[in-house]
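Each chain, letter by letter, is given below.
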Amino acid sequence: MICTNQIRTLALCAVLMSLHLTSNAQGNYEEAPFEEEEFKGPNRRSQGNRSQSTFVQGLRFGTKFNFSIYGNEMLYGLEPTIGYQLLEEIFEVGFGPMFMHYHNWSGFSKFHYIQTGGQVYATLFLFDGIYVRASARQFFLIQRQQGNRATARTQNVYLEGGYQYQVGDRFWATAGLEMNLIETRYASRRYLTPTFGFRMAF
């Protein structure tokens, strides 16, 4: 009987000692300073870097070629552009230089002129790759006719409709039709011109 009481007493002392050590350990753990560290992954950027990245992603670079033949008239040109999407894949504005060549070989009034100048444009993307673009253009012309040379300056407004097809992650091919809206001395009628080109982004 005495041995049983001693065993119970020793067991009770062991339990109390364990509880005491556990409470001390818990107290030390709670008192230890804890500093929360913010995770910084490989793609984490500051606010300034995020803004810069968003701006760069909105840039668009492209080149458009046009070519058309109307009876005795032929027109072809090249139009590099740089633009920025104010609304992603919805609305884009931009500008760029342009180089065009017009040739007329009707009868005895054979002549040709070279157009150089610039343009500003606005493009509205409708749905499924279909777009509409309006552009205002300023031309400087060098006209040659039967050995004579003349220069002139003119303006016009163009409207274009077309389709862009995505061929890469940030690359598009485009095809469309454009038409001048103003008849001038150097555009005596409205010309409907096929266009082909590409657009790319970072």
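See the structure shown above.
Enquirer: Residues and numbers for the environment of Glu160, please.
Expert: Position of Glu160 relative to the elements: it lies in strand β6 (residues 148-168). Ignoring sequence-local partners within four residues, the contact set of Glu160 consists of Lys64, Tyr131, Val132, Arg133, Gly176, Leu177, Glu178 and Thr195. Looking at Glu160, its side chain comes within polar contact range of the side chain of Tyr131, at 2.9 Å.

Enquirer: Summarise the pattern of salt bridges; cite the residues concerned and give the values.
Expert: This model, assessed by the stated rule, comprises eight salt bridges. In this structure, Glu178 and Lys64 form a salt bridge, with 3.1 Å as the shortest nitrogen-oxygen distance. Of this pair, Glu178 sits in strand β7 (residues 171-180) while Lys64 is found in strand β1 (residues 59-70), placing the two residues 114 residues apart along the sequence. Taken individually, Glu178 and Lys64 each receive the classification buried, so the pair is uniform in this respect. Taking the shortest distance from any N to any O, the salt bridge between Arg137 and Glu178 comes out at 2.9 Å. Taken together, the residues span a long stretch of sequence, with Arg137 in strand β5 (residues 130-145) and Glu178 in strand β7 at a distance of 41 residues. When salt bridges that share partners are traced, they join Lys64, Glu79, Arg137, Glu160 and Glu178 into one network.

Enquirer: Describe the nonpolar core, naming the residues involved and giving the relevant values.
Expert: Formed by Leu75, Met98, Met100, Tyr102, Phe111, Tyr113, Phe139, Leu141, Tyr158 and Tyr191, the largest nonpolar core amounts to 10 residues. Only β3 (91-104), β4 (111-125) and β5 provide two or more residues apiece to this core. For this core, the element with the most residues is β3, which contributes three residues.

Enquirer: Account for the side chain of Gln85, with residues named and values stated.
Expert: Within the secondary structure, Gln85 is located in strand β2 (residues 73-87). The buried category is assigned to Gln85, whose relative accessible area is 5%. Reaching out from Gln85, the side chain makes a polar contact with the side chain of Arg60 at a distance of 3.3 Å. Polar side-chain contacts of Gln85 include one of 2.7 Å to the backbone nitrogen of Glu89. The residues contacting Gln85, other than those within four sequence positions of it, are Gly58, Arg60, Phe91, Glu92, Phe125 and Arg199.

Enquirer: I'd like to hear about unusual backbone geometry, residue by residue, with values.
Expert: The phi dihedral of Glu89 falls on the positive side, at around 55 degrees, and the residue is not glycine. As for its placement among the helices and strands, Glu89 is situated in the loop between β2 and β3. Given the relative accessible area of 28%, Glu89 is considered partly exposed. Positive phi outside glycine occurs at Asp128, with the angle close to 50 degrees. With respect to the helices and strands, the residue Asp128 is situated in the loop between β4 and β5.

Enquirer: Before we move on, can you summarise the packing of aromatic side chains with the specific residues and values?
Expert: Evaluation of the coordinates by the stated rule reveals six aromatic pairs. For the ring pair Tyr70 and Tyr191, a centre distance of 5.4 Å and an interplane angle of 70 degrees mean the geometry is edge-to-face. Here Tyr191 lies in the loop between β7 and β8 (192-200) and Tyr70 lies in strand β1, a separation of 121 residues in the sequence. Classification of Tyr70 as partly exposed rests on a relative accessible area of 24%. Classification of Tyr191 by relative accessible area gives buried; the value is 11%. Measuring from centroid to centroid gives 5.6 Å for Phe171 and Phe198, while their planes differ by 10 degrees, and the two rings are stacked. Pair noted here: Phe171 is in strand β7 and Phe198 is in strand β8, with a separation of 27 residues, a long-range link. Taking relative accessible area as the criterion, Phe171 reaches 33% and is therefore assigned partly exposed. In this arrangement the basic side chain of Arg199 is found over the ring face of Trp172, its NZ or CZ atom lying 5.4 Å from the centre.

Rules used in this analysis
- Residues numbered from 1 in each chain as written.
- Predicted model: local features only at pLDDT ≥ 70, side-chain atom pairs only at ≥ 80, totals over all residues.
- Heavy atoms only, no water.
- Helix = DSSP H or I, 4+ residues; strand = E, 2+ residues; numbered from the N terminus.
- Contact = heavy atoms within 4.5 Å.
- Polar contact = N/O pair within 3.5 Å; in protein donor to acceptor, adjacent residues only side chain to side chain.
- Salt bridge = Lys/Arg side-chain N within 4 Å of Asp/Glu carboxyl O.
- Buried < 20%, exposed > 50% of the residue type's maximum accessible area, 1.4 Å probe, protein only.
- Core = buried A, V, L, I, M, F, W, Y, C linked by side-chain atoms within 4.5 Å.
- Phe/Tyr/Trp six-rings, centres within 6.5 Å; stacked < 30°, edge-to-face > 60°.
- Lys NZ or Arg CZ within 6 Å of the ring centre and 35° of its normal.

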